[in-house]
2 protein chains.
Amino acid sequence: MVNNIVIFTFAGALLALLFALYCAKKVLKFSEGTEQMSKISASIKKGARAYLKRQYSVVSVFFIAMFVILGVMAFLDMLTPFVPFAFISGGLFSGLSGFIGMTIATSSNARTANACREGLDRGLRVAFSAGSVMGFTVVGLGLLDISIWFALLKYVFNLSAPEITAAMLTFGMGASSMALFARVGGGIFTKAADVGADLVGKVEAGIPEDDPRNPAVIADNVGDNVGDVAGMGADLYESYVGSIISCCALGVAAFGGFKAMALPLLLASIGIVCSIIGSFLVHTKENATQKNLLSSLSRGTNFSATAIAVISLPLVNMILGNGITDFSHVGFYFSILAGLLGGVLIGKATEYYTSDSYKPTRKLAGKSETGSATIIIGGLGLGMMSTLLPIIIVAACILVAYFAAGGFKITNADQGLYGIALAAVGMLSTLGITLATDAYGPVADNAGGIAEMAGLPEEVRNRTDALDALGNTTAATGKGFAIGSAALTALALMASYIDKVKEFNPQADLTFDIMNPRVLIGLFIGACLPFVFAALTMESVGKAAQSVVKEVRRQFKEITGLMEGKGEPDYASCVDLCTRASLREMILPTVVAIITPVIVGMILGYQSVVGLLAGATASGFLLAIYMSNAGGAWDNAKKHIEGGNFGGKGSDNHKASVVGNTVGDPFKDTSGPAINILIKLLSMVSIVFAALVVNYSLL
Amino acid sequence: MVNNIVIFTFAGALLALLFALYCAKKVLKFSEGTEQMSKISASIKKGARAYLKRQYSVVSVFFIAMFVILGVMAFLDMLTPFVPFAFISGGLFSGLSGFIGMTIATSSNARTANACREGLDRGLRVAFSAGSVMGFTVVGLGLLDISIWFALLKYVFNLSAPEITAAMLTFGMGASSMALFARVGGGIFTKAADVGADLVGKVEAGIPEDDPRNPAVIADNVGDNVGDVAGMGADLYESYVGSIISCCALGVAAFGGFKAMALPLLLASIGIVCSIIGSFLVHTKENATQKNLLSSLSRGTNFSATAIAVISLPLVNMILGNGITDFSHVGFYFSILAGLLGGVLIGKATEYYTSDSYKPTRKLAGKSETGSATIIIGGLGLGMMSTLLPIIIVAACILVAYFAAGGFKITNADQGLYGIALAAVGMLSTLGITLATDAYGPVADNAGGIAEMAGLPEEVRNRTDALDALGNTTAATGKGFAIGSAALTALALMASYIDKVKEFNPQADLTFDIMNPRVLIGLFIGACLPFVFAALTMESVGKAAQSVVKEVRRQFKEITGLMEGKGEPDYASCVDLCTRASLREMILPTVVAIITPVIVGMILGYQSVVGLLAGATASGFLLAIYMSNAGGAWDNAKKHIEGGNFGGKGSDNHKASVVGNTVGDPFKDTSGPAINILIKLLSMVSIVFAALVVNYSLL
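Residues numbered from 1 in each chain as written. Chains lettered and ligands numbered in written order. Predicted model: local features only at pLDDT ≥ 70, side-chain atom pairs only at ≥ 80, totals over all residues. Heavy atoms only, no water.

1. Quick word on the overall build of chain A
Scanning chain A from terminus to terminus reveals 20 helices and zero strands. The C-alpha atoms of chain A give a radius of gyration of 24 Å, which matches the 27 Å a tight globule of 699 residues would have. Here the analysis covers contacts within chain A between residues at least 6 apart in sequence; of these, 84% occur between residues at least 24 apart. When the accessible surface of chain A is summed, it comes to about 21,800 Å², and 62% of that surface belongs to carbon and sulfur atoms. Considering chain A, the positive charge centre built from 48 side chains and the negative charge centre built from 48 side chains are found 3 Å apart. (Helix = DSSP H or I, 4+ residues; strand = E, 2+ residues; numbered from the N terminus. Rg over C-alpha atoms; globule rule 2.2 N^0.38 Å. Contact = heavy atoms within 4.5 Å. Areas by Shrake-Rupley, 256 points an atom, 1.4 Å probe, with all protein chains shown as cover. Lys, Arg positive; Asp, Glu negative; His and termini not counted. Charge placed at Lys NZ, Arg CZ, Asp CG, Glu CD.)

Below is the structure:
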């Protein structure tokens, strides 16, 4: 079985891509509705495409520069010659995942809106199929790329297992860099457009959300696609690939040879099969309620998770042991289970703190009674408090994964770390279906926008709103998986970094005692990085939003008859403005993320780098949860009030909650999710530049 | 010299206390002004006293319980019999520092207001003298207590140096516990009253700040005294004592015997002398401008810092070397210098980010143009960004202090850690005068309140405002010292904890590798603690404020003629409400801080505790700076607008900045400063309960 890994992984990857194609065809059979709807959808698609095109051209400059740097390093024998190519291909495929996801999303929004004219469940089917295209494209491409590189390096170049995993980690760095650009750039675009449209349109001009008279309305909808869809696609591609390759690398370190690489790869393949079967279970009756819808989605994800949990046991026995009944390595199975369960529990904790079905968000909504200051304080407190449960869950997950894998002995560090990496792969093994349930949210959101702009009847808008609300719940679960796996993968990558240091300097002191000032200082600086990164991205959103505000104000003033619906707003100029602003602003945060570990390493040495990675992982995990959950809770507190509680729409309480939501926007859609990528990218960069740091550090 | 340490420290302590007495007498010679002023001042004093009395009675329950627990542990030979008494005495003196500071502050506020009727510089003199009472009481009592314990243990009980430092660390835990109660309780009181008074008085009823018709106005002024004064006194007493005793403990570990204990003690004594001389340099001409005032204050602090920097060199040579010309231990001198310089630089960085003389706060004020949401986002970003410089400064400080002390060899861990502790003592050596310049701020603030309530002419209010504004700058410097020393002291205490573990289990594995899952999990949980702690305290402020809001609304409704100035508001009921609410709310956060390290240790072992302490120190340092600076910047952005910029008082921009300030209040005056104490208390608790954790942990 181990010798045929590549066949299995190729098969899994192709199956996922074929299923994505099947879902795409299903979606495209639906009609886009009226001419106006298809026109609006076309402008959104055009704007999004234009943005991505320019984003890729900006990013390609960075990739070319990195290619040259890595090429020089390879020439100086600090890296293998495959590294620069692996780096490029990682970026390429990460970008491609985002592009395909966005293409199908922009083709599905009008179709979802139109389907909602006929019924809620029909709308769900279109939106969920669109989400499935995204979900299965991401996992399919991820596994395909790993398989291609694996086959190429093993069978064409005859490399050893450690050499293969080394090249693959660079592939991961390419994917992470692209993901960070996509998340940050897209995140700035979507929030700048959103804030700009809201501040001038809703607050100053007093027109409703998604009103076609608002010049920023198309930009706002484009933003949903380039941020929440293309950004998310690139992001999760990176998470998926990162968890698998870091697990392969640690497996090789723990067991040598290809045996331990087979486990994560096959787990991923089987996860795809389970996800596809799970998808077919998502169907519902004609007059479904919201609760029916949610339970039909859960049926799919629960089936997939249970199936992989069952199949993992014989898989572990067969691959690591000597056959299906050899339980000698059963500890690794518990590592996988810990990951699977951990992801679900973090998702539940996220939902508890951010959904208005539970006390925290309802209480937060009530704080609007004493104005915007108290709802802001409440949300910040809620976000901070919400870090506790995920920390405990992730700590328990690490503990179980490590000790179970190490045969409950602390001395088996290699096996223990491999266990942590396996937990991350376990958590993401059913990403195909969890991402499908997550990615359908922005499609439903956009469908709502189109329904409003095309002036469809209110019941249609109510249906898209219902779909959107459901999307918030599934998005919470998705976030749990994304952030939990990020922490575990970051730890696995830290271990890979240490292996790398050993490779370049066999005499290196490989203890990283927390009382060693190098480690300690690294820890402090690392813990600070997510704060600085969040500050930079929030500042960028602010700057970009301010320029949108000015442009929208200008159009309201200069275009005659705009408010009366007689003049035509210049949508394209707002899209263009957001594009330019977000591309300009995405560069600094990303560059900071990439050069900091290299600079710290060059000055203070590799021990500080390990401290830095640990500090960044801990504080990044906390900050990401804090920001995401505070933002999510404010959003849903506003929706709770809009649902008729605490005075309802238009009340002073509602206005206070809008302030909370505006503060939360960059928290949850720009800075928070980008930190997930940041903590992994820091490790990947450290690994790639390890030779430089080990050989040439200053102190 | 080493043999006569106690004489020198007693002398230093008495000198400080005599100087405090001298300053107190100077203040009390001034008149309290009109009958109305003295009546208002009396109500404030009465409220503050009543609060402290009840706080002490609540806290004493905790202290009695801890006394019993520690007594049982001492009985079981886990601790020396001195420990319970040392614990109690630490709490007692910490509380006493707060009490004396508050007594003089409440006796000086009306006097300062009255002095401002005659001139700005006269007002400064009263306020600064009041601040000096506080500053020198804190350092005098701190050094006195250390001297008494030292003399008692050494000469009466004939204990060895390690036994003495062990008892003293418990003394520190008592002080820290008291400080945390005082900071959290006082912080909740002051902000609940402030927010309550503002929300109903200023926003709903539209009456000015400190208007006597506002039923919460006395509570607001009481709050300034119990929070900003009594809380700060207990807090800095704890910082001062903590830094000295942790340095003594590490000195004994590094050198054995009493030699290395002498250095921090004598440094503190000489620092007191330098501070007193510096205080005499604070005088100014009759018609001084704001700039003159600031430079006259700086003259005092700069002189003291320079003097201690110069004297430290021969001191180090004499104590650690063989005489004034023996430069063999000069490295330790650089450790002290690093601390002194680090404190000043962090203060400067704080000032840069929070003063409206610089770009960040001015730009923040400008963000009010697009509403409260953008000024909130801007302030949060500013706070996060402002963590970068202090982290770099503290990292450099650790690096220099450690390596210089260790003779530039990484292997001298004991000496290196002693160097870090010396840096903390160096930073706080001139606390007498820096605290004087810091503590005068709340006095000036209160004086302004009394001027308003007593209807004094506008020019008087302008003068108190000028003093208050100056206080903001000096407070920024003070915060720099408090937080910088907290981080260094926490690290020193971590090292003492490890020594303790070794004492109880000589076979213990004393490596704390960051990749060890125990350490790693501890790190994650520790990093989360400050987030949870901040959330709890912010939530408490919110709850307490809500009850004040209701009470004030009730009085406005039920007391006839209140708004017309005919009815008498019931000030006492608001004070009572704040007292009860803050005492109720202060318990949970403090108890969480005390039991968490014990629980984590009992479950996961001492290695996790070290991870926890490191994580809490790193994330606590960042969070404290983030919250303090965001709050400070919002406060000064509001003041900048009130100074006539961006529309000035009453404009929409001003309203937006008031929202920012309200959010910032619990940030900067409750949660932020309490985190400083938290990170030290965690270490102290761990040290005291080390025997339990080492012998009985679960995993």
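That shown, we press on.
2. Regarding the environment of B:Met684
Residues and elements named next belong to chain B. In this structure, Met684 sits in helix H19 (residues 652–688). Owing to a relative accessible area of 1%, Met684 belongs among the buried residues under this scheme. Here the alpha-carbon distance between Met684 and Asn505, two residues 179 residues apart in the chain, equals 19 Å. Each residue touching Met684, except ones within four places of it in the same chain, is listed here: Leu169, Gly172, Met173, Ser176, Gly242 and Leu493. (Buried < 20%, exposed > 50% of the residue type's maximum accessible area, 1.4 Å probe, protein only.)

3. As for the pattern of salt bridges
Residue and element names in this part refer to chain A. The final tally for this structure, using the stated rule, is 52 salt bridges over all chains. Of the charged contacts in the structure, one is a salt bridge between Asp669 and Lys191, with a shortest N-O distance of 3.0 Å. On the criterion of sequence distance, the pair formed by Asp669 in helix H19 (residues 652–688) and Lys191 in helix H5 (residues 161–205) is long-range, its members being 478 residues apart. Look at Asp669 and you get buried, because its relative accessible area is 13%. Using a relative accessible area of 4% as the deciding quantity, one classes Lys191 as buried. The salt bridge involving Arg463 is made with Glu459; its shortest N-O contact spans 3.5 Å. On the criterion of helical spacing, the pair formed by Arg463 and Glu459 is a turn pair, its members being four residues apart in helix H15 (residues 458–504). Each member of the salt-bridge network shares a partner with another, and the members are Lys191, Asp194, Asp635, Lys639, Asp665, Lys668 and Asp669. (Salt bridge = Lys/Arg side-chain N within 4 Å of Asp/Glu carboxyl O.)

4. Points about the packing of aromatic side chains
Residue and element names in this part refer to chain A. In total, this model carries 48 aromatic pairs over all chains according to the counting rule given. Both rings, one in Tyr22 and one in Phe280, keep their centres 6.3 Å apart while their planes meet at 45 degrees; by these two values the pair is tilted. Residue Tyr22 is found in helix H1 (residues 5–28), and its partner Phe280 is found in helix H7 (residues 259–280); the two are separated by 258 residues along the sequence. When its relative accessible area of 40% is taken as the criterion, Tyr22 is described as partly exposed. Look at Phe280 and you get partly exposed, because its relative accessible area is 47%. Measuring from ring centre to ring centre gives 5.5 Å for Phe332 and Tyr418, while their planes differ by 55 degrees; the resulting arrangement is tilted. Of the two residues, Phe332 is situated in helix H9 (residues 330–354) and Tyr418 in helix H13 (residues 413–428); the sequence distance between them amounts to 86 residues. With respect to class, Phe332 is no different from Tyr418; both count as buried. (Phe/Tyr/Trp six-rings, centres within 6.5 Å; stacked < 30°, edge-to-face > 60°.)

5. Some points on the layout of surface pockets
By volume, the second largest pocket is sized at about 1,000 Å³. Looking at the second largest pocket, it is lined by 42 residues, and the ones nearest its centre are B:Ala495, B:Ile498, B:Asp499, B:Lys500 and B:Lys502. Elements supplying a minimum of two residues to the lining of the second largest pocket: helix H16 (517–558) of chain A together with helix H5 (161–205), helix H6 (217–255), helix H13 (413–428), helix H15 (458–504) and H19 of chain B. In terms of residue count, H15(B) provides more of the lining of the second largest pocket than any other element does, eight residues in total. Classifying every residue of the lining of the second largest pocket by side-chain character gives 23 nonpolar, nine polar and ten charged. (1 Å grid on protein atoms, 1.4 Å probe; cavity = no way out; pocket = protein on both sides within 12 Å on 5 of 7 lines; lining within 4 Å. Points joined across faces, edges and corners; volume = space filled by probe spheres on them. Nonpolar A, V, L, I, M, F, W, Y, C, P; charged D, E, K, R; others polar.)

6. Some thoughts on a positive patch on the surface
There is a patch of like positive charges on the surface, built from A:Lys25, A:Lys26, A:Lys29 and A:Arg125. By the element assignment, A:Lys29 lies in the loop between H1 and helix H2 (35–75). (Patch = residues over 30% accessible without salt bridge, like charges linked within 9 Å, V, L, I, M, F, W, Y side chains within 5 Å.)

7. Remarks on the interface of chain B and chain A
Across the boundary between the two partners, chain B contributes 72 residues, which contact 71 residues of chain A. Counting each side, the surface lost to burial between chain B and chain A is near 6,100 Å², with a carbon and sulfur contribution of 84%. Broken down residue by residue, the surface that chain B buries against chain A is led by B:Met515, B:Phe524 and B:Phe531, which jointly contribute 13%. Counting the contacts that link chain B with chain A gives four salt bridges. B:Glu539 serves as the salt-bridge partner of A:Lys367, at 3.3 Å between the closest nitrogen and oxygen. Here chain B is connected to chain A by nine residue pairs in polar contact (both at pLDDT 80 or more). Mapped by element, the contributors of at least two residues to the side of chain B that touches chain A are helix H11 (372–385), helix H12 (388–405), H15, helix H16 (517–558), helix H18 (606–642) and H19 of chain B. The leading source of residues in the side of chain B that touches chain A is H16(B), at 20 residues. (Buried area = accessible area lost by both parts, 1.4 Å probe. Polar contact = N/O pair within 3.5 Å; in protein donor to acceptor, adjacent residues only side chain to side chain.)

8. Notes on the relation of the copies chain B and chain A
Laying chain B over chain A is done by rotating through 180 degrees and shifting 0.0 Å along the axis; what remains is an RMSD of 0.0 Å. These values place the two chain copies in the arrangement generated by a two-fold rotation axis. Minimal C-alpha separation from the rotation axis in chain B is found for B:Asp513, amounting to 2.2 Å. Residue by residue, 99% of the interface of chain B is reproduced at the interface of chain A, so both copies engage with the same surface. (Least-squares fit on C-alpha atoms with pLDDT ≥ 70 in both.)

9. Things to note about helix H6 (residues 217–255) of chain A
All names here are of chain A. With 39 residues, H6 should cover 57 Å at 1.5 Å per step; its first-to-last C-alpha distance of 55 Å lies within 8% of that length. Largest kink in H6: about 25 degrees, centred on Met232. Most of H6 sits inside the fold, with 36 of its 39 residues counted as buried. Looking one or two residues past H6, Gly256 carries a phi angle of roughly 70 degrees, positive in sign. (Expected span 1.5 Å × (residues − 1). Bend = angle between axes of the 7 residues up to and from the residue.)

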